[in-house]
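Coordinate analysis (summary)
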Amino acid sequence: MTDYVADLDLIRSAALAAGELAMGERERGLKIWSKSGGSPVTSADLAVDKLLSSTLLKARPDYGWLSEETVDNAERLSRRRLFVVDPIDGTVAYMKGKPWWCIPIAVVEDGRPVAAVIHAPALNETFAATLGGGATLNDRPITASDTTDLDDASVLADARLMEAPHWPEPWPAMRFEKRNAIAYRMALVAAGAFDAAIALTPKWDWDVCAGALIAEEAGGKVSDHHGGAWRFNQADPRQSSLICSAPALHPLIVRRTTPIPLAPR
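Numbers given for residues are sequential positions, taken from 1 along each chain in its written order. Only residues with pLDDT of at least 70 are given local features in this predicted model, and only at 80 or more are side-chain atom pairs given and counted; all residues enter the totals for whole chains, interfaces and linings. For the side-chain quantities, the full set of heavy atoms in the structure was used; hydrogens and water were omitted.

What follows is about the overall build of the chain. Along the backbone of the chain there are seven helices and 16 strands. Taking the principal axes of its C-alpha atoms as reference, the chain extends roughly 50 × 40 × 35 Å. At a minimum sequence separation of 6, the contacts of the chain that also span at least 24 residues come to 62%. The Shrake-Rupley method, run with a 1.4 Å probe, gives the accessible areas here. Residue values count only the displayed protein chains as cover. A total accessible area of about 11,600 Å² is found for the chain, and carbon and sulfur atoms account for 52% of it. Two residue types count as positive, namely Lys and Arg, and two as negative, namely Asp and Glu; His and chain ends fall outside the count. In plain terms, the charge of a residue is placed at NZ if it is Lys, CZ if Arg, CG if Asp and CD if Glu. The averaged location of the 34 negative side-chain charges in the chain is 3 Å from the averaged location of its 28 positive side-chain charges. Elements are defined by DSSP. Helices are runs of H or I of four residues or more, strands are runs of E of two residues or more, and each kind is numbered from the N terminus. A contact between two residues is defined here by any heavy atoms of the two lying within 4.5 Å.

Turning to the nonpolar core, a few remarks are in order. Across soluble globular proteins, nonpolar side chains show a tendency to be buried alongside one another. Core analysis: the largest hydrophobic core is formed by 40 residues, its most contacted members being Ile118, Met186, Ile214, Trp230 and Cys244. In this structure, Ile118 is in contact with Cys102, Ile103, Pro104, Glu125, Thr126, Phe127, Ala183, Ala187, Ala210, Gly211 and Ile214, ignoring residues within four places of it in sequence. Residues belong to a common nonpolar core when they are buried Ala, Val, Leu, Ile, Met, Phe, Trp, Tyr or Cys residues joined through side-chain atoms within 4.5 Å. Only protein chains enter the accessibility calculation, which uses a 1.4 Å probe; a residue is then buried when its area is under 20% of its type maximum, exposed when over 50%, and partly exposed in between. Formed by 26 residues, the second largest nonpolar core is a distinct cluster that contains Tyr4, Ala44, Leu52 and Ala128.

This part covers the sheet that holds strand 11 (residues 175–177). By definition, two strands form a pair when at least two bridges between them are found by DSSP. With mixed pairing, the five strands of this open sheet are ordered in space as 11-10-12-16-14. Two strands close off the open sheet at either side, each with one partner strand: strand 11 and strand 14 (221–223). The average angle at which neighbouring strand axes cross in this sheet is 20 degrees, direction not considered. As paired strands, strand 10 (residues 154–156) and strand 12 (residues 196–199) are joined by two bridges and run parallel to one another. Angles here are taken between N-to-C directions and fall from 0 to 180 degrees, while the axes themselves are lines fitted to C-alpha atoms, restricted in helices to the stretch in contact.

Counting through the fold element by element, Thr136 comes out in strand 8 (residues 135–137). Between the C-alpha atoms of Thr136 and Glu217, which are 81 residues apart in sequence, the distance is 9.0 Å. In this structure Thr136 touches Thr126, Phe127, Ala128, Pro141 and Ile142, once residues within four positions along its chain are discounted.

Turning to the packing of helix 5 (residues 182–190) against helix 6 (residues 205–217), a few remarks are in order. The contact between helix 5 and helix 6 brings their axes to 8 Å, and the two run at 5 degrees. Classed by the angle they form, the pair helix 5 and helix 6 counts as roughly parallel. Touching Ile182, Ala183, Met186 and Ala190 of helix 5 are Asp207, Val208, Gly211, Ala212, Ile214 and Ala215, all from helix 6. Only Asp, Glu, Lys and Arg are considered charged in this grouping, and only Ala, Val, Leu, Ile, Met, Phe, Trp, Tyr, Cys and Pro are considered nonpolar; every other residue, Gly among them, is considered polar. Partitioning the contact of helix 5 with helix 6 into residue classes produces eight nonpolar, one polar and one charged. Here the angle decides the label: under 35 degrees means roughly parallel, over 145 means roughly antiparallel, 65 to 115 means roughly perpendicular, and every other value means oblique.

Locating Thr130 in the fold gives a position in strand 7 (residues 125–130). In this structure Thr130 touches Tyr4, Val5, Leu8, Val114, Ala115, Leu213 and Glu217, once residues within four positions along its chain are discounted.

Turning our attention to helix 2 (residues 43–59). Helix span, as expected, comes to 1.5 Å for every residue beyond the first. Taking 1.5 Å of rise per residue, 17 residues should cover 24 Å, and helix 2 covers 25 Å from first to last C-alpha, within 8% of that figure. Of all the positions in helix 2, only Ser43, Ala44, Asp45, Val48, Asp49, Leu52, Ser53 and Leu56 are classed as buried.

The next point concerns the environment of Asp62. Tracing the backbone through its elements, the reader meets Asp62 in the loop between helix 2 and strand 3 (64–67). On the basis of relative accessibility, which here comes to 52%, the residue Asp62 falls in the exposed class. Taking the C-alpha atoms as reference points, Asp62 and Glu125, 63 residues apart in sequence, are found 30 Å from one another.

Turning next to the side chain of Ser245. Structurally, the position occupied by Ser245 is in strand 16 (residues 242–245). What qualifies as a polar contact is a pair of N or O atoms within 3.5 Å, subject to a donor-acceptor requirement within protein and to the restriction that residues adjacent in sequence count only when both atoms come from side chains. Here the side chain of Ser245 touches His250 through a polar contact of 3.3 Å, landing on its backbone nitrogen. Once you skip the residues sitting within four places of it in the chain, Ser245 turns out to touch Val189, Asp195, Ala196, Gly220, Lys221, His250 and Ile253.

This part covers the sheet that holds strand 7. Spatial ordering of the open sheet is given by 3-4-5-6-7-8-9, a layout of seven strands whose pairing is mixed. Looking at the sheet topology across the chains shown, the edges are occupied by strand 3 and strand 9 (140–141). Packed onto the sheet, helix 2 meets strand 3, strand 4 (81–85) and strand 5 (103–109) and runs at close to 165 degrees relative to strand 3. Across the sheet, helix 6 is in contact with strand 3, strand 4, strand 5, strand 6 (112–120), strand 7 and strand 8; its angle to strand 6 comes to roughly 100 degrees.

Burial of strand 12 is two-sided: the residues Ala196 and Ile198 facing one way and the residues Ala197 and Ala199 facing the other way are all buried. Note: strand 12 against strand 16, four bridges, orientation antiparallel. Note that in strand 16 the partner of Ile198 across the bridge is Ile243.

Written as structure tokens, this is what we have:
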């Protein structure tokens, strides 16, 4: 466990430094490009990626590396431990001056996250967890919601999708909101601020890895929408879909989402 705590100290320090860099880069003015799929990337994404890779790999040269802004290398598959990083999750919010962006960093060991941090600089919020060590927000313990009924539950999801008529089992009336960053959505579920986060499309490991550990250490449940467990550091670094929820709600959600086929990856 000592290794996990040492890794958490390392990635938390790196996330705080990255947050300061990102805030400063935006103040100085951003250069913006479009990726091949059309999503934006900024000069700050690349600057933060460079800072994190140099800082973390210098401290742990035997660890692998997986980041949204670094070309993937299959060499990571041979490493028992690796860093999984999104330099800026919620780039659109970041570009527009909205607060719902974050820097998620996880350490994965043998396919599962063992240390994680999600730092939201504009909100002065830092979520953290180690395997078996619980989860915190700004160093205070957090727990997932104790909600037991989907009726009137607060959910981070696409309301149009959830209220569409195609569901075999209709959903009760729920309260829907949006947050740009996937990792931040999971952190909010971990803290009990929302009861669930639902997304039925594949999600990259760097978006969900840190949130998975933080949510589970807070007592929440995380899986794909068929209830299948996640495993990280695979050749395809994606998870089929996302259900992150209060423990009592998880089976109620999965029961309704299971008839929907898993999306091809």
